[in-house]
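Close look at the chain arrangement
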Amino acid sequence: MDKKYKLAVVGATGLVGRKVLEVLEEFNLPIYEYVLFASSKSAGQKINFMNKEYTIQELNENSFDNCFDFAIFSAGGDTSKHFSPIAASKGCTVIDNSSAFRMDETVPLIVPEVNSEEIQNNHGIIANPNCSTIQAVVPL
C-alpha cells in the first residue's frame, strides 16, 4: 500500500489559504487527514472541503504535536517565522508561501519546474518565490 500523509493547512481561511484548498481539491493526493488552522478570529468556523465539513482550529505552539507529515503555510511572514520552526522541530516538512524564508540561505527556494531536486536539501522548511517570480522563472 502506498504511504498516506497527514497535512496541515495554516491560514486556511485567508484568500491564499482558500486558494490552496481549491487546488488541493483538484488533485488526488495521498492524504489521509487534513487539519485546517487559522488565527483565533477564525477558529471554530466551518469550511466545506473535500466533501466534508472541517472546523478551523486555532494555530498555537502545540498545534504540531499531532505528528503532521507536511504543512502548507499561507498565513503571512510573522506567523511563518514563529510557527514554521516549531512544526519542523516536530518532524513536519513546511512549505511556506510567505516571504519569511525566501532570502534564508539555509532554506531551499523551490520552483518545482526549475529546481525540484533541491527539495531534498531542506531542514524542515521549503520556501517558494512570490507568484509573479514563479511565472517569470519558469520560461527563463
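1. Structural notes on the packing of aromatic side chains
The tally for this structure, following the rule as stated, stands at 7 aromatic pairs. Summarising the aromatic geometry, the rings of Phe37 and Phe68 are spaced 5.9 Å apart at their centres and angled 65 degrees between planes, so their arrangement reads as edge-to-face. A residue pair is termed long-range when its members are at least 10 positions apart, and Phe37 in strand β2 (residues 31–38) and Phe68 in the loop between β5 (57–58) and β6 (70–73) qualify at 31 residues. Seen from their ring centres, Phe64 and Phe68 are 5.6 Å apart, and the 65 degrees between their planes marks the pair as edge-to-face.

2. Regarding the side chain of Ser42
Following the sequence through the fold, Ser42 ends up in the loop between β2 and β3 (46–49). Those residues in contact with Ser42, other than ones at most four positions away along the chain, are Thr13 and Ile56.

3. A word on the environment of Lys90
Tracing the chain through its elements places Lys90 in the loop between α2 (77–89) and β7 (93–96). In this structure Lys90 comes out as partly exposed when scored by relative accessible area, which is 40%. Sequence spacing of Lys90 and His123 is 33 residues, and the spatial spacing of their C-alpha atoms is 12 Å. Sequence-distant contacts of Lys90, that is, excluding residues within four places in its chain, are made with Phe64 and Asp65.

The rules behind each value
Residue positions are counted from 1 within each chain, in the order its sequence is given. With pLDDT at 70 or above as the cut-off, local features in this predicted model cover only qualifying residues; side-chain atom pairs require 80 or more to be listed or tallied, and sums for whole chains, interfaces and linings still use all residues. Derived side-chain values reflect all non-hydrogen atoms in the structure, with water molecules and hydrogen atoms excluded from consideration. Note on aromatic pairs: the rings of Phe, Tyr and Trp (six-membered ring only in Trp) are paired at centre separations within 6.5 Å, and the planes decide the class, stacked below 30 degrees, edge-to-face beyond 60, tilted for the rest. Secondary structure elements follow DSSP: runs of H or I of four or more residues count as helices, runs of E of two or more count as strands, with numbering from the N terminus. Here, two residues are considered to be in contact whenever any of their heavy atoms come within 4.5 Å of each other. Type-normalised accessible area, obtained with a 1.4 Å probe on protein chains alone, sets the label of each residue: buried when under 20%, exposed when over 50%, and partly exposed for intermediate values.

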